[in-house]
Each structure stands twice: as structure tokens, then as C-alpha cells.
Amino acid sequence: TDGTTMAAIMMHTVGPWSYWLVTVGVIISVLGSWLSWVILPAETTALMANSEQTLNKFWGKVNKHNSPQNSLIIAAVLQTLFFLVLPFFSEAYTFTSQLSTVAVLVSYLFVGFDELKVASMTHDAWNFIVGIFCTAFFLFALYESGWQDILLLCIALLVGFFFYVPAAKKNNRKIGAWEWVVMAIIAIAAITAIILICAGVISIS
């Protein structure tokens, strides 16, 4: 039976109409998710360009409707290309979902670090305890995700440096020594990942 598993079960238990109801619902849900994941990256890159100045102003340029036009177009094009190649590369979805999961874990890990920092500055014992649990949990989650995915994430982060460094120079913002150290570590990890992929040690399928 074509369609989702739930739609197939509903068709056999309730009737053919339920199959189409569930299928249409899934289509609407996917389209809504697609729209939101075009808007969210565009908003983020526009914020990084205009407020944080970590990207070129090109990404934050707005049109007459006050929308980040360039970011929206780039996000839409990249996601459309992903959907077009998905039927031909079945492992693409698995690979990108794994990479996205690790990226989210790293982001939330820094949320834990920030909680610890703020709690230390305000001498808030309760929030400090929450920060410890948050940080410990996401460190454990990253450990469980595997070192292979973390190395693969470094390749994606390395690409971002080619946007970050020129933007910092253009906005007359000096890149600190620790930033260079972190970028060097990530670059080494990314190169290591590429070598391991070529050697067959890390699989992206």
C-alpha cells in the first residue's frame, strides 16, 4: 500500500476516506515545515548580518516589504536542490538529519555554558545547578552521537569561516586570539574528517 504507514492502517481499519485524509494531512504538514525551514534560516542569517555582523551585509539586505530577500532566496534554492537530489541519493536525508542533530546538540551545549556564565555572574545557585545538568546532559548526548558525526560537522563549520572572517574584517571587528585557536582546531578536525572519509573509515551513507 502506498502512503504512510498510518494512512495504510487507517484505510484497512476505518475506510478508504481515512487514507486520503491522513495523506493530505501529511502533505500539508510537510509543506508547512518546508515553509518554516525556509523562513527560519533566512531570519537567522539576516540577524547575523545586521545585528551581530558575523555575515556580509548581503545576507541581511531587505526588500520593500522589510524581508531579508537574499537570505530567503538562497535558503529556498538550497532546500529545493536538496529535495530534487533526494530521490537519487537515498542516504542524503539520513546524512543531513544526523548532521543537523549534532549541530543542534552543540548549540544547546552552548546554551548550558551561557546558563553557567550568567548564573555565576548573578550568584544564582539554582540556575547554576540547572546549567550544570544542561551542560552535562548535552556533553553526554554528543558523546553518544559518536565522534564521526562530530568530525563531519566540523566540515560544515569550516565552510562558515569563509563567510565569517571576511565579514569581521569588513565590519572592522578584530578576531580574537581564542577565535583563531578554535577555528584552527575545527579546521584540523575537518581535514581529518575528509581524510578518514577518503580512507573509508567514516561513512556518509
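Attention in this report is confined to the structure presented alongside it. Along each chain, residue indices are assigned from 1 in the same order as the chain's sequence is written. Given that the model is predicted, a residue must reach a pLDDT of at least 70 before its local features are reported, and side-chain atom pairs must reach 80 or more before they are shown or counted; all residues, however, enter totals for whole chains, interfaces and linings. To obtain the side-chain values, all non-hydrogen atoms of the structure were included, while hydrogens and water were left out.

Things to note about a nonpolar patch on the surface
As a reminder of what qualifies: Patches were defined on residues exceeding 30% relative accessible area and lacking a salt bridge, with like-charge contacts within 9 Å and nonpolar side-chain contacts (Val, Leu, Ile, Met, Phe, Trp, Tyr) within 5 Å. Note on areas: these come from Shrake-Rupley sampling with a 1.4 Å probe, and a residue is covered only by the protein chains present in the view. A carboxyl oxygen of Asp or Glu within 4 Å of a side-chain nitrogen of Lys or Arg is what we treat as a salt bridge. Think of it this way: any DSSP run of H or I at least four residues long counts as a helix, any run of E at least two long counts as a strand, and we number them from the N terminus. Buried, partly exposed and exposed residues are distinguished by accessible area as a fraction of the type maximum, computed with a 1.4 Å probe on protein chains only: under 20%, between the cut-offs, and over 50%, respectively.
Taken together, the side chains of Ile73, Val77, Leu78, Leu81, Leu84, Val85, Phe88 and Phe89 make up a nonpolar region of the molecular surface, amounting to roughly 800 Å² of accessible area. Among the structural elements, phenylalanine 89 can be located in the loop between α3 (69-85) and α4 (91-122). A residue is classified by how much of its surface remains accessible, and phenylalanine 89, at 46% relative accessible area, is partly exposed.

Here we look at unusual backbone geometry
For glutamine 53, which is not a glycine, the phi torsion comes out positive at approximately 55°. Relative to the elements of secondary structure, glutamine 53 occurs in the loop between α2 (16-50) and α3. Glutamine 53 sits in the partly exposed class, given a relative accessible area of 29%. A positive phi angle, close to 55°, is found at asparagine 172, a residue other than glycine. Structurally, the position occupied by asparagine 172 is in the loop between α6 (147-170) and α7 (177-199). When its relative accessible area of 72% is taken as the criterion, asparagine 172 is described as exposed.

Topic: the packing of aromatic side chains
Rules: Between rings of Phe, Tyr and Trp, where Trp is taken as its six-membered ring, a pair exists when centres lie within 6.5 Å; planes separated by under 30 degrees are stacked, by over 60 edge-to-face, and by other angles tilted.
Counting across every chain of the model gives six aromatic pairs. With a centroid separation of 5.2 Å and an interplanar angle of 85°, the aromatic rings of tyrosine 19 and tryptophan 20 are classed as edge-to-face. Judged by relative accessible area, tyrosine 19 falls into the buried class, the value being 11%. Through pairs of rings, three or more aromatic residues link up here, namely Phe58, Trp59 and Phe163.

Let's talk about the packing of α6 against α7
Helix-helix packing: each pair is described by the crossing angle between the helix axes and the interaxial distance. Quick reminder of the rule: For every element, the axis is a line fit to its C-alpha atoms; helices are fit only across the contacting stretch, and the angle between N-to-C directions ranges from 0 to 180 degrees. Working rule for angles: under 35 degrees goes down as roughly parallel, over 145 as roughly antiparallel, 65 to 115 as roughly perpendicular, anything else as oblique. Crossing handedness is defined as follows: a turn of the near helix away from the far one that is anticlockwise and smaller than a right angle gives a left-handed crossing, while the clockwise case is right-handed. Contacts are assigned to residue pairs that have any heavy atoms within 4.5 Å of one another. Any residue outside Ala, Val, Leu, Ile, Met, Phe, Trp, Tyr, Cys, Pro, Asp, Glu, Lys and Arg is labelled polar, Gly included; the first ten of those are nonpolar and the last four are charged.
Taken N-terminus to C-terminus, the directions of α6 and α7 make an angle of 125°; their axes are 8 Å apart at the nearest point. The orientation of α6 relative to α7 falls into the category oblique. By crossing handedness, the relation of α6 to α7 is classed as left-handed. Contacts between α6 and α7 involve Trp147, Leu151, Leu152, Cys154, Ile155, Leu157, Leu158, Phe161, Tyr164 and Val165 from the first element and Glu179, Trp180, Met183, Ile186, Ala187, Ala189, Ala190, Ala193, Ile194, Leu196 and Ile197 from the second. Looking at the contact of α6 with α7, its residues break down into 20 nonpolar, no polar and one charged.

Here we look at the state of the cysteines
What counts, and what does not: Two cysteine sulfurs form what is called a disulfide whenever their separation falls within 2.5 Å.
Enumeration according to the criterion identifies zero disulfides in this entry. Counting only cysteine sulfurs, cysteine 198 is the nearest neighbor of cysteine 154, a cysteine outside any disulfide, at a range of 16 Å. Residue classification places cysteine 198 among the exposed residues on the basis of a relative accessible area of 67%.

Examining the nonpolar core
Here is the rule: The set of buried Ala, Val, Leu, Ile, Met, Phe, Trp, Tyr and Cys residues whose side-chain atoms join them within 4.5 Å is what this entry labels a nonpolar core.
Ranked by size, the top nonpolar core spans 23 residues in total, and within it Leu151, Ile175 and Met183 carry the most contacts. Contributing elements (two or more residues each) for this core: α4, α5 (125-145), α6 and α7. For this core, the element with the highest residue contribution is α6, accounting for eight residues. Apart from the residues lying within four places of it in its own chain, the contact partners of leucine 151 are Ala189, Ala193, Leu196 and Ile202.

Keep in mind that these numbers describe shape and distance, not what the molecule does.
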